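Structure assessment
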Amino acid sequence: AWRKETLIGHSYESPKKYDGKRYGGYYTQDEVKEVVQYAAERYITVVPEIELPGHASAAIAAYPTLGVTGKPIDVVTSWGIFPNIFNIEDSTFLFLEDVLTEVMDLFPSEYIHVGGDEAIKEQWEASPRIQQQIRQLGLKNEHELQSYFIKRIEKFINSKGRKLIGWDEILEGGLAPNAAVMSWRGTAGGEAAAKAGHYVVMSPTSHLYFDYYQGNPGNEPLAIGGYTPLQKVYSYEPTPESLTEEEAKYILGAQANVWTEYIKTPEHVEYMVFPRISALAEVVWSPREKRNWDWFKSKLPELLERYKLRGINYSNSVYKIAFKSVLDSVNGTLKVVMGNELGTGEIRYTLDGSNPTKNSSLYKDGIHLRETSTIKTQVFEGDMPLGNIEEQRFIVHKAYGKEPQFTHPYTIHHFPTHGLTLTDGMLGSKLTLFSDLWQRFNKVDLEATIDLGKTDTIEMVKARFVSIPHYSIVPPKSLSVQLSLDGKEYTKAGAVTRGVAVEGNSVWEYEVNVKTLPARYVMIKAENVGSVKSEKTGKFKDAVLMTDEIIIE
Ligand code: ACM
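Residues numbered from 1 in each chain as written. Predicted model: local features only at pLDDT ≥ 70, side-chain atom pairs only at ≥ 80, totals over all residues. Heavy atoms only, no water.

Regarding the overall build of the chain
Looking only at helices and strands, the chain has 13 helices and 23 strands in total. Taking the principal axes of the C-alpha coordinates as reference, the chain spans close to 80 × 60 × 55 Å. Buried positions account for 47% of the 553 residues belonging to the chain. Residue pairs at least 24 apart in sequence account for 66% of intrachain contacts in the chain once pairs closer than 6 positions are excluded. Accessible area of the chain: about 27,400 Å², with a carbon and sulfur share of 52%. (Helix = DSSP H or I, 4+ residues; strand = E, 2+ residues; numbered from the N terminus. Buried < 20%, exposed > 50% of the residue type's maximum accessible area, 1.4 Å probe, protein only. Contact = heavy atoms within 4.5 Å. Areas by Shrake-Rupley, 256 points an atom, 1.4 Å probe, with all protein chains shown as cover.)

Structure representation (structure tokens):
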């Protein structure tokens, strides 16, 4: 129940820093009963989750004999997935049955959640004892062993008149006969379970993770990552199209998840939950044909007012301005488009660095920038400013608004980046690592050709790349530039090589001096290292290139 200290900041930080403060605690049985009672008075059932066979570090730290290696371990001090997993000795099942008995005495819920997610099997793979037991049990592999584990626990839970529910990983190696499934890694697990006649709660990361960002990360408190804005939540449909009417009956509903590694106070939980929870409530409590985003949006200001009266620390991210660069199809140039999710209020802005007032320029349908500028903006309703002043700097360079042709496609990761992400004039920051400002190339080189539209004199090509060992994000080995007048014959115009090893989280600026050559076509190549040892798992993984802009001067 106690860890000796806690990681500071995000788990992707490298090197890692810790606060040196002992932290922990527990609920007494009476306190648990009070929670259950409080919820019951509000028609809410609390379903406890006791994680097994993985996510078991705390139990194994307390009782090393429950583990596979038998070695004592510390309670973990950072976030993530750890290899510690229960062994399958009878004594371990007796322990778990004891725990579950106490849990079932305290929680009257029909369902008992046993986790089952993210159980790394490497300790099972490496243990001669476990391998021998797998053979003795006539099982094929570690997945079947996980299935054996869950089935054995299910038998016990069923014998007490309760039902087992677990994350979709419990499908691997064969689903326990009466188990219900909570589908979090997308919805395929939930669909498969429903087709097989098992009850399902949908809880996919794509729509229902409320620990994910709900707005532009640059304007939000630090979160684990991801992107689930309000409209995305509202667009969720818990019953997959592929199910027949009969199969659809197995979809019990949907659940939002709020994991609190990066959330330290109840107020911050409220910020992550409201108003997304109201969107989800309408999704699960109204028929599909009654749901309408515009109608929901029209009710939102009043809803937020109600939260305010109740002292709820809701998020007003729906008012926050997001900046996008889009191609103006009429004259073929880039324009900056601004808007908030709610689409209400008047957007006022300045380009001279001053703070916008209600008399500043009124934004209409796009701003055409001819030089590097900083846009400062604020939403007004009448005289009333809503939300905060937001600003974004745009670098207008020779490739601004010119769409690169990529040899290998970029990879979308949560945020929908697009063809102009690397020539939209917008740079990323540490806070916006998870945002549409950064373009990713998984495993492949970033190889792009940019047509400047006319012959020009090129002096310099610049690009920034980040290093985040935790996510296998590595700056390229080299950045090279070739130039062409006709788009057919290219001449090598310069290159830089990294030369040194990358350590920790850092930003690398590559500048290729091009000796003032005329060209219309610019071909750049950033060489991916291919694969890299992950700081998270210790295994080799595809390396990711991540950059925010190709600047041509
Ligand atoms: C989960 O987020 N590991 C269920």
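Remarks on unusual backbone geometry
Here the residue pair Ser14 and Pro15 is connected by a cis peptide bond, since its omega of 0° sits within 30 degrees of zero. The residue Pro15 is located in the loop between strand E1 (2-3) and strand E2 (23-24) in this model. Each neighbour pair has its own omega, and for Leu52 with Pro53 the value is -5°, a cis peptide bond. Relative to the helices and strands, Pro53 resides in the loop between strand E3 (49-52) and helix H2 (57-62). At Lys515, a residue that is not glycine, the phi angle is positive and equals roughly 50°. Within the secondary structure, Lys515 sits in strand E20 (residues 506-526). Under the relative-accessibility criterion, Lys515 is labelled exposed at 66%.

What about the packing of aromatic side chains?
Enumeration according to the criterion identifies 25 aromatic pairs in this entry. Seen in terms of ring centroids, Phe93 and Tyr148 are 6.4 Å apart; in terms of plane orientation they differ by 90°. Their pairing is edge-to-face. On the criterion of sequence distance, the pair formed by Phe93 in helix H3 (residues 90-106) and Tyr148 in helix H6 (residues 142-159) is long-range, its members being 55 residues apart. Judged by its relative accessible area of 22%, Tyr148 is partly exposed. One aromatic cluster in this structure is built from Phe86, Phe93, Trp124, Tyr148 and Phe149. Seen from the ring of Trp295, Lys299 lies directly overhead, with NZ or CZ sitting 3.5 Å from the centre. (Phe/Tyr/Trp six-rings, centres within 6.5 Å; stacked < 30°, edge-to-face > 60°. Lys NZ or Arg CZ within 6 Å of the ring centre and 35° of its normal.)

Overview of the environment of Ile85
As for its placement among the helices and strands, Ile85 is situated in the loop between H2 and H3. On a C-alpha basis, the gap between Ile85 and Gln123 in space is 7.1 Å, while along the polypeptide they are 38 residues apart. Excluding residues that lie within four positions of it along the chain, Ile85 makes contacts with Pro53, Gly54, Ile60, Leu66, Gly67, Val68, Ala119, Ile120, Gln123 and Trp124.

Considerations on the pairing of E20
Regular strands have side chains that alternate between both faces of the sheet. Pairing between strand E17 (residues 446-467) and E20: 17 bridges, direction antiparallel. Bridging across to E20, Met460 finds its partner in Asn513. In this structure, strand E18 (residues 478-484) lies alongside E20, joined through 6 bridges in antiparallel fashion. Pairing of Ser480 across the sheet is with Lys525, part of E20. (Pairing = 2+ DSSP bridges.)

Digging into the environment of Thr377
Looking at where Thr377 falls in the secondary structure, it is placed in strand E13 (residues 373-381). The spacing of Thr377 and Ile321 is 56 residues in sequence and 7.7 Å in space, taken between C-alpha atoms. Excluding anything up to four places from it in sequence, Thr377 contacts Ile321, Phe323, Met338, Ile347, Arg348, Tyr349, Pro356, Asn388, Ile389 and Glu390.

Regarding H3
Its 17 residues give H3 an end-to-end C-alpha distance of 24 Å, which sits within 8% of 24 Å, the value for a rise of 1.5 Å per residue. In the core, the buried residues of H3 are packed alongside helix H1 (29-40), E3, strand E4 (111-115) and H6. (Expected span 1.5 Å × (residues − 1).)

Regarding the sheet that holds strand E11 (residues 346-350)
Across a sheet, strands are paired by hydrogen bonds formed along the backbone, either parallel or antiparallel in direction. Read across the sheet, 4 strands follow the order E12-E11-E13-E14 without closing on themselves; strand pairing throughout is antiparallel. Every interior strand has two partners, whereas the edge strands, strand E12 (361-362) and strand E14 (384-394), have only one. Across 2 bridges, E11 lies against E12 in antiparallel orientation. Bridge assignment links Arg348 to a residue of E12, and that residue is Leu362.

Considering the sheet that holds E4
Strand order in the open sheet made by the 6 strands is E3-E4-E5-E6-E7-E8, with parallel pairing throughout. Each edge of the sheet is formed by a strand with only one pairing partner; in this case those strands are E3 and strand E8 (251-254). Between one strand axis and the next, the sheet turns through 25° on average, direction left out of account. Pairing of E4 with strand E5 (residues 163-167), which is carried by 3 bridges, proceeds in the parallel orientation. Within the sheet, the bridge partner assigned to His113 lies in E5 and is Ile165. Packed onto the sheet, H6 meets E3, E4 and E5 and runs at close to 150° relative to E5. (Axes fitted to C-alpha atoms, helices over the stretch in contact; angles between N-to-C directions.)

Details of the packing of H3 against H6
Running from amino to carboxyl end, H3 crosses H6 at an angle of 45°, the nearest separation of the two axes being 11 Å. On the basis of their axis angle, the class for H3 and H6 is oblique. Seen along the crossing, H3 lies across H6 with a hand that is right-handed. On H6, the residues touching Asp90, Phe93, Leu96, Glu97, Leu100, Thr101 and Met104 of H3 are Tyr148, Phe149, Arg152, Ile153, Phe156 and Ile157. The residue makeup of the contact of H3 with H6, split by class, is 9 nonpolar, 1 polar and 3 charged. (Parallel < 35°, antiparallel > 145°, perpendicular 65-115°, else oblique. Left-handed = near helix turned anticlockwise from the far one by under 90°. Nonpolar A, V, L, I, M, F, W, Y, C, P; charged D, E, K, R; others polar.)

Observations concerning the pairing of E4
Burial of E4 is extensive: 5 of the 5 residues sit out of reach of the surface. Side chains Tyr111, His113 and Gly115 project from E4 onto one buried face, and the interleaved Ile112 and Val114 project onto a second face that is buried too. Pairing of E3 with E4, which is carried by 2 bridges, proceeds in the parallel orientation. The residue bridging Leu52 from the neighbouring strand is Gly115, located in E4.

A short note on the nonpolar core
Formed by 91 residues in total, the largest nonpolar core has its most connected members in Phe149, Ile153, Val336, Met338 and Ile375. Those residues in contact with Phe149 that lie beyond four places of it in its chain are Leu52, Pro53, Phe86, Asn87, Ile88, Phe93, Leu96 and Trp124. Residues Phe406, Leu446, Ala463 and Leu545 belong to the second largest nonpolar core, which totals 26 residues. (Core = buried A, V, L, I, M, F, W, Y, C linked by side-chain atoms within 4.5 Å.)

Looking at the environment of Ile312
Tracing the backbone through its elements, the reader meets Ile312 in the loop between helix H13 (293-309) and strand E9 (322-328). With a relative accessible area of 18%, Ile312 lands in the buried category. The sequence separation of Ile312 and Phe274 amounts to 38 residues, and the corresponding C-alpha distance is 8.1 Å. In this structure, Ile312 is in contact with Glu270, Phe274 and Tyr307, ignoring residues within four places of it in sequence.

From the geometry alone we can't say anything about function, so treat these as descriptive.
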